[in-house]
Amino acid sequence: MSETLAESGSIDSSKRTWLIASGCAGAAGGLAAAVPFVSSFQPSERAKAAGAAVEADISALKPGEKMTVEWRGKPVWIVRRTPEMLAALPKLDSQLVDPNSTRKPNDQAPAYARNATRSIKPEYSVLVGICTHLGCSPSDKFTSGPQPSLPDDWQGGFFCPCHGSTFDLAGRVYKNKPAPDNLEVPPHMYLSDTKLLIGDDKKA
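(A) Broad picture of the overall build of the protein. What the protein contains, in helices and strands, is 4 helices and 9 strands. Each helix and strand of the protein, ordered N terminal to C terminal, gives the series α-α-β-β-β-α-α-β-β-β-β-β-β. For the protein, the residues scored as buried account for 33% of the 204 residues in total. With the model as given, the accessible surface of the protein reaches about 11700 Å², and the carbon-plus-sulfur share is 57%.

(B) Inspection of the side chain of Arg118 at higher detail. For Arg118, the position within the fold is in the loop between α4 (105-108) and β4 (124-128). A polar contact of 3.5 Å, which involves the side chain of Arg118, links it to the backbone oxygen of Gln108. Those residues in contact with Arg118, other than ones at most four positions away along the chain, are Ser101, Gln108, Ala109, Ala113, Leu127, Ala170, Gly171, Arg172, Asn182, Leu183 and Val185.

(C) Examining the pairing of strand β9 (residues 195-198) more closely. Judged from the 4 bridges that link them, strand β1 (residues 54-57) and β9 form a sheet pairing that is antiparallel. Opposite Ala56, over in β9, you have Leu196 as the bridge partner. Across 3 bridges, strand β8 (residues 188-190) lies against β9 in antiparallel orientation. Bridge pairing links Tyr190 to Leu196 in β9. Here β8 hands over to β9 after 4 residues, the two strands then running antiparallel side by side.

(D) Up close: the side chain of Ser101. If you trace the backbone, Ser101 turns up in the loop between α3 (83-88) and α4. Side-chain polar atoms of Ser101 contact the side chain of Arg118, separated by 2.9 Å. Ser101 has contacts with Gln108, Arg114, Arg118 and Asn182, leaving out every residue within four places of it along the chain.

(E) Main features of the pairing of strand β2 (residues 66-71). Here β2 runs beside strand β3 (residues 74-80); their pairing, made up of 6 bridges, is antiparallel. Each bridged residue has a counterpart across the sheet, and for Thr68 the counterpart in β3 is Trp77. Here β2 folds back onto β3, and the loop between the two strands holds 2 residues, one of which, Arg72, carries a positive phi near 55 degrees.

(F) Spotlight on the sheet that holds strand β6 (residues 157-159). Read across the open sheet, the 3 strands follow the order β5-β6-β7; overall the sheet is antiparallel. The open sheet has two edge strands with one neighbour each: β5 (139-141) and β7 (166-168). Recorded for the sheet is a direction-independent mean angle of 30 degrees between the axes of neighbouring strands. Pairing analysis gives 3 bridges linking β6 to β7, with the strands arranged antiparallel. For Gly157, the partnering residue across the bridge sits in β7 and is Asp168.

(G) Highlighting the state of the cysteines. All chains considered together, the criterion is met by 0 disulfides. Take Cys160: it sits in no disulfide, and the sulfur closest to it among the cysteines is that of Cys131, at 4.0 Å.

(H) Examining the packing of aromatic side chains more closely. Per the stated rule, a full pass over the model turns up 4 aromatic pairs. An angle of 55 degrees between the planes, with centres 6.3 Å apart, marks the rings of Tyr124 and Tyr190 as tilted. Residue Tyr124 is found in strand β4, and its partner Tyr190 is found in strand β8; the two are separated by 66 residues along the sequence. Look at Tyr124 and you get buried, because its relative accessible area is 8%. With relative accessibility at 13%, the residue Tyr190 sits in the buried group. Where Trp154 meets Tyr174, the ring centres are 5.7 Å apart and the plane angle is 35 degrees; that geometry is what we call tilted. On the criterion of sequence distance, the pair formed by Trp154 in the loop between β5 and β6 and Tyr174 in the loop between β7 and β8 is long-range, its members being 20 residues apart. Residues Trp154 and Tyr174 agree in their burial class; the two are buried. Among the aromatic residues, ring-to-ring pairing joins Trp77, Phe142 and Phe158 into one connected group. Above the plane of the ring of Tyr190 lies Lys121, whose end atom (NZ or CZ) is 4.3 Å from the centre.

Criteria and thresholds
Residues numbered from 1 in each chain as written. Predicted model: local features only at pLDDT ≥ 70, side-chain atom pairs only at ≥ 80, totals over all residues. Heavy atoms only, no water. Helix = DSSP H or I, 4+ residues; strand = E, 2+ residues; numbered from the N terminus. Buried < 20%, exposed > 50% of the residue type's maximum accessible area, 1.4 Å probe, protein only. Areas by Shrake-Rupley, 256 points an atom, 1.4 Å probe, with all protein chains shown as cover. Polar contact = N/O pair within 3.5 Å; in protein donor to acceptor, adjacent residues only side chain to side chain. Contact = heavy atoms within 4.5 Å. Pairing = 2+ DSSP bridges. Axes fitted to C-alpha atoms, helices over the stretch in contact; angles between N-to-C directions. Disulfide = S-S within 2.5 Å. Phe/Tyr/Trp six-rings, centres within 6.5 Å; stacked < 30°, edge-to-face > 60°. Lys NZ or Arg CZ within 6 Å of the ring centre and 35° of its normal.

The following block contains the structure:
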């Protein structure tokens, strides 16, 4: 009788072990199945990148040069303007549609960029490189003076080859051109003297 009980206890123990193991395996399988399901609610890396702020290292940007970064699928230009470029800006007001960025101010530039240079730091211009006419991307025309398709008194800026719109080095559109508005200044802030954050201007 004692032998039978011992055998019975052995069988119960092995059954219990098997049941626990099966239960754990089932739980692990359920969890594994749930992970992709839960992950489907998370934004993809591409979706995150599409709306995320972008850091730009401007330490190597020399006066008179431009660099481009991508934010929300748009080209954002960062131009380090020379003293000569900055000195030319006030002389152009009479030739521009909206020299003081008062038209559609909330769409064109944050409050801190509604000034003569349309910037936080006059030396650096930060602009979305998309023409406000039909969405083409203008070309750099930083050299002043007479050039094909540009006026003889050209002071440097951007030229849209699609339909001939011209913008100065603050992204302000010239009169009598197809583009109705200035180039957009995106939200941005300086993290340091050499780091720029584009797409966010809310200080932590």
